[in-house]
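Below are the chains, spelled out letter by letter.
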Amino acid sequence: MHFIIHALDKANGLQNRLANYEAHKAYLGKAPVSIVVSGPLVAQDNETMIGSFFLVEAETQAEVQAFHDADPFKKAGIWETVSIHPFLKRMDNRS
């Protein structure tokens, strides 16, 4: 099953995000779920990171929640809001 994680940073959280970025990347490299696509959400300037997006594959939403809860960004309190939803992939144009 696929799941979407949509997370928006707290206001003025860029420095905290950058301070925890290496730990976050290392964690994603050993993720207990299969990450299909992930990356930062950016502001209208197409540069400033303001959140995170993940499309993951897991058996249950509980696995995805556990993955999210163990993320160094979550532990550092970077995200203001987080939504986790099941996702039905209908189209995938990647080669």
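Residues numbered from 1 in each chain as written. Predicted model: local features only at pLDDT ≥ 70, side-chain atom pairs only at ≥ 80, totals over all residues. Heavy atoms only, no water.

K.L.:
What's the story with the environment of Phe-3 in this structure? I'm lost.
P.N.:
By secondary structure assignment, the location of Phe-3 is in strand 1 (residues 2–9). Exposure remark for Phe-3: the relative accessible area of 4% places this residue in the buried category. Sequence-distant contacts of Phe-3, that is, excluding residues within four places in its chain, are made with Phe-54, Leu-55, Val-56, Ala-58, Thr-60, Gln-61, Val-64, His-85, Pro-86 and Phe-87. (Helix = DSSP H or I, 4+ residues; strand = E, 2+ residues; numbered from the N terminus. Buried < 20%, exposed > 50% of the residue type's maximum accessible area, 1.4 Å probe, protein only. Contact = heavy atoms within 4.5 Å.)

K.L.:
I'm lost on the nonpolar core in this one. Help?
P.N.:
Most often, soluble globular proteins have nonpolar side chains that are buried together. Among the nonpolar cores identified, the biggest contains 15 residues, and Ile-5, Phe-54, Val-56, Val-64, Phe-67 and Trp-79 are the most heavily contacted of them. Among the elements of the structure, strand 1, helix 2 (21–29), strand 3 (49–57), helix 3 (61–69) and strand 4 (79–87) are those that each provide at least two residues to this core. Among the elements that line this core, the one with the most residues is strand 1, at three residues. Non-local contacts of Ile-5, meaning those with residues more than four positions away in its chain, are made with Ser-52, Phe-53, Phe-54, Val-64, Phe-67, His-68, Val-82, Ser-83 and Ile-84. (Core = buried A, V, L, I, M, F, W, Y, C linked by side-chain atoms within 4.5 Å.)

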